[in-house]
Amino acid sequence: MTDRMEKENNRISDYRNIRNIQELQYQRRLLSSRIDHQEIMVMYKLRCVWEFISPSNLLDMGLRAIASHNSSFNILYKAVDFVKNIIRSRRSSQ
């Protein structure tokens with residue numbers, strides 16, 4: 001029973017250590033069952049989502065959603081986005 005629990009703990013730690021798609025593919029080759037493949041894919045996708053979530057990203061997604069439903073707000077959103085992209089490009093070129 002403890003051997004099984006130890007294997008499960010090792011597998012969970014392997015999932016947590018996946019950092020990119022190459023490691024994901026490598027782990028998928030190591031695992032044999034279809035359930036393990038699905039579980040490792042879900043863990044990878046969840047980590048990608050959690051790393052992406054930030055207040056600025058959530059605000060941007062919300063504003064984009066409002067802009068998709070309101071044409072006058074869409075014009076304002078695109079103008080602000082355009083100015084934001086110009087500022088970013090100037091910062092990166094300096």
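Here, the structure is the one placed above.
Nothing here was measured: the structure is a model prediction, and the numbers come from that model.

Conventions used here
- Residues numbered from 1 in each chain as written.
- Predicted model: local features only at pLDDT ≥ 70, side-chain atom pairs only at ≥ 80, totals over all residues.
- Heavy atoms only, no water.
- Salt bridge = Lys/Arg side-chain N within 4 Å of Asp/Glu carboxyl O.
- Helix = DSSP H or I, 4+ residues; strand = E, 2+ residues; numbered from the N terminus.
- Buried < 20%, exposed > 50% of the residue type's maximum accessible area, 1.4 Å probe, protein only.
- Axes fitted to C-alpha atoms, helices over the stretch in contact; angles between N-to-C directions.
- Parallel < 35°, antiparallel > 145°, perpendicular 65-115°, else oblique.
- Left-handed = near helix turned anticlockwise from the far one by under 90°.
- Contact = heavy atoms within 4.5 Å.
- Patch = residues over 30% accessible without salt bridge, like charges linked within 9 Å, V, L, I, M, F, W, Y side chains within 5 Å.
- Areas by Shrake-Rupley, 256 points an atom, 1.4 Å probe, with all protein chains shown as cover.

1. Some points on the pattern of salt bridges
Okay, step 1: Taken as a whole and judged by the stated rule, the model has 2 salt bridges.
Okay, step 2: Note that R64 and D60 form a salt bridge whose closest N and O atoms lie 2.4 Å from each other. Of the two residues, R64 and D60 both sit in helix α4 (residues 55-69), 4 residues apart, roughly one turn of that helix.
Okay, step 3: A salt bridge links K84 to D81, with the nearest nitrogen and oxygen atoms 3.6 Å apart. Remark: D81 and K84 occur in helix α5 (residues 71-93); sequence separation between them is 3 residues, near one turn of the helix.
Okay, step 4: Owing to a relative accessible area of 31%, K84 belongs among the partly exposed residues under this scheme.

2. A short note on the packing of α4 against α5
Okay, step 1: Contact geometry of α4 with α5 gives a least axis separation of 6 Å together with a crossing angle of 140°. Here α5 runs oblique to α4, going by the angle between their axes. Crossing handedness for the pair α4 and α5: left-handed. On α5, the residues that touch D60, L63, R64, I66, A67 and H69 of α4 are S71, F73, N74, Y77 and K84.

3. With respect to a nonpolar patch on the surface
Okay, step 1: A contiguous nonpolar surface patch, about 780 Å² in accessible area, is contributed by V42, L46, V49, W50, F52, I53, L58 and M61.
Okay, step 2: At the level of secondary structure, the elements contributing two or more residues to the nonpolar patch comprise α3 (34-52) and α4.
Okay, step 3: No other element matches α3, which puts 5 residues into the nonpolar patch.
Okay, step 4: Within the secondary structure, F52 is located in helix α3.
Okay, step 5: Using a relative accessible area of 44% as the deciding quantity, one classes F52 as partly exposed.

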